[in-house]
Each structure stands twice: as structure tokens, then as C-alpha cells.
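Topology and contacts: notes
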Amino acid sequence: GLCLQGFISTRTAKTYSSGGEVVKGGGGGADYATFMRLRRRYNIVYTLGTFGDWIQGAYLYALYREHGFSMRDIGYIFVLGYFASASFGTYVSS
């Protein structure tokens, strides 16, 4: 859901020229081409990082289970991790 929203918003973003008028379609030029290359690289790295994070979830669950944590405790650990990531990530990015 969130990835799709980000993809759509970057595809429909408006670009403003130095005069303040809206230029549809990005405006062209070297700056736009550089931005597109950067965005493509960012999206590739972000996708790989997110996939790596998702894939480790099952292994962390098994690790916690092996160390004697209950299913409820593991749930709390995951929720706390997501909450901390969202909070800290928002603070760092602002």
C-alpha cells in the first residue's frame, strides 16, 4: 500500500520552475535526468533493503522461539521494533 502510494506520488509530482509556474512532466534537462537516475538507484536499493528486512522476520521468530519466548512476547518484540523504527526514523528524517 505505502510503496504503491509512493510510486504514484512520484509519477504524478509537479515540478516548479524558478518563476513559480507549474511545469508538467518534469521539465526535461540535465537536472531532471540526474534526478531520474538518482530515483531509480534509490528505489532499487530501497527495494532490496526492504526485501532483506522482510525475509529475516521468519528467522528471528524461530530464534526467539528457540530461546524460550512465548508467542505473545515475540509479538510484543516485533510491535515494539516497528514502533521504534517508525518513531526514530521519523525523527532522523526530519
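Structural data are supplied above this passage.
Read on for a plain summary of the structure.

Thoughts on the layout of surface pockets
Here the second largest pocket is characterised by a volume of approximately 430 Å³. Taken together, 13 residues form the lining of the second largest pocket, with Asp53, Trp54, Gly81, Tyr82 and Ser85 sitting closest to its centre. Those elements giving two or more residues to the lining of the second largest pocket turn out to be helix H2 (29-66) and helix H3 (71-93). Classifying every residue of the lining of the second largest pocket gives seven nonpolar, five polar and one charged.

Brief notes about the packing of aromatic side chains
When we look at a pair of aromatic rings, we describe it by the centre distance and by the angle of the planes. This structure, assessed with the given rule, holds three aromatic pairs. Aromatic side chains Tyr42 and Tyr46 sit 5.9 Å apart centroid to centroid with 20° between the ring planes, which places their arrangement in the stacked category. A residue pair is termed a helical-turn pair when its members lie 3 or 4 positions apart in one helix, as Tyr42 and Tyr46 do in helix H2 at four residues. Note on Tyr64 and Phe78: the rings are 6.3 Å apart at their centroids and 85° apart in plane angle, and the pair reads as edge-to-face. On the criterion of sequence distance, the pair formed by Tyr64 in helix H2 and Phe78 in helix H3 is long-range, its members being 14 residues apart. Judged by its relative accessible area of 21%, Tyr64 is partly exposed. With relative accessibility at 23%, the residue Phe78 sits in the partly exposed group. In textbook terms, an aromatic cluster arises when at least three aromatic residues are bridged by ring pairs, as seen for Tyr64, Phe69 and Phe78.

So, the environment of Thr90
Considering the arrangement of structural elements, one finds Thr90 in helix H3. Look at Thr90 and you get exposed, because its relative accessible area is 52%. Reaching out from Thr90, the side chain makes a polar contact with the backbone oxygen of Ala86 at a distance of 2.6 Å.

Some remarks on the packing of H2 against H3
Interhelical geometry of H2 versus H3 gives an angle of 135° and a closest axis separation of 10 Å. Compared by their axis directions, H2 and H3 come out oblique. The handedness of the crossing between H2 and H3 comes out as right-handed. Residue-level contacts link Gly57, Leu60, Tyr61, Tyr64 and Arg65 of H2 to Met71, Ile74, Ile77 and Phe78 of H3. Across the contact of H2 with H3, the residue classes tally to seven nonpolar, one polar and one charged.

What counts, and where the lines are drawn
Residues numbered from 1 in each chain as written. Predicted model: local features only at pLDDT ≥ 70, side-chain atom pairs only at ≥ 80, totals over all residues. Heavy atoms only, no water. 1 Å grid on protein atoms, 1.4 Å probe; cavity = no way out; pocket = protein on both sides within 12 Å on 5 of 7 lines; lining within 4 Å. Points joined across faces, edges and corners; volume = space filled by probe spheres on them. Helix = DSSP H or I, 4+ residues; strand = E, 2+ residues; numbered from the N terminus. Nonpolar A, V, L, I, M, F, W, Y, C, P; charged D, E, K, R; others polar. Phe/Tyr/Trp six-rings, centres within 6.5 Å; stacked < 30°, edge-to-face > 60°. Buried < 20%, exposed > 50% of the residue type's maximum accessible area, 1.4 Å probe, protein only. Polar contact = N/O pair within 3.5 Å; in protein donor to acceptor, adjacent residues only side chain to side chain. Axes fitted to C-alpha atoms, helices over the stretch in contact; angles between N-to-C directions. Parallel < 35°, antiparallel > 145°, perpendicular 65-115°, else oblique. Left-handed = near helix turned anticlockwise from the far one by under 90°. Contact = heavy atoms within 4.5 Å.

Nothing here speaks to function; it is geometry throughout.
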